[in-house]
Amino acid sequence: VLKRQIADISSQAREGNYLTGLYLEGARWDMMANNLVSSYPKQMYCKMPVILVKAVTADKDPLANKQAQRQIYMCPVYRTTRRCDTYVFTAHLKTKAQPAKW
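Given the structure is predicted, the values throughout are model-derived calculations rather than measurements. (Residues numbered from 1 in each chain as written. Predicted model: local features only at pLDDT ≥ 70, side-chain atom pairs only at ≥ 80, totals over all residues. Heavy atoms only, no water.)

This part takes up the packing of aromatic side chains. By the definition in use, this model includes one aromatic pair. Residues Y78 and Y87 carry aromatic rings whose centres are separated by 6.0 Å and whose planes lie at 75° to one another, so their mutual orientation is edge-to-face. We classify Y78 as partly exposed; its relative accessible area is 27%. Judged by its relative accessible area of 44%, Y87 is partly exposed. Its guanidinium or amino end placed over the ring of Y40, R28 lies 4.0 Å from that ring's centre, counting from NZ or CZ. (Phe/Tyr/Trp six-rings, centres within 6.5 Å; stacked < 30°, edge-to-face > 60°. Buried < 20%, exposed > 50% of the residue type's maximum accessible area, 1.4 Å probe, protein only. Lys NZ or Arg CZ within 6 Å of the ring centre and 35° of its normal.)

Pasting the structure below:
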């Protein structure tokens, strides 16, 4: 997750693609701490900043380390708010809370 908005990006990514237009449901992204935190009261959805998405093969997964897994939430990404057959990929989002909270 980048600390920039789409208007601040002037060129293509060297590796991967920039992704924008995503929202979190029941949580929010803290731009200062650069991690997932609890949502504000009465705010169900929160717009995500620009995300740099890179494909990684399973043998090169950086989350093979158990220590790294404790600080990463494996967030499912869907095309719509209906979570039936619209699954796209899993985003690895940093969090200070236990991933089971989300």
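Let's shift gears to unusual backbone geometry. A positive phi angle, near 60°, is found at N34, a position not held by glycine. Take N34: it is sitting in the loop between strand 3 (27-30) and strand 4 (35-38). Taking the relative accessible area as the measure of exposure, N34 reaches 15% and is therefore buried. The residue K42 is not glycine, and still its phi comes out positive at about 65°. Here K42 lies in the loop between strand 4 and strand 5 (45-47). The class for K42 is exposed, based on a relative accessible area of 91%. (Helix = DSSP H or I, 4+ residues; strand = E, 2+ residues; numbered from the N terminus.)

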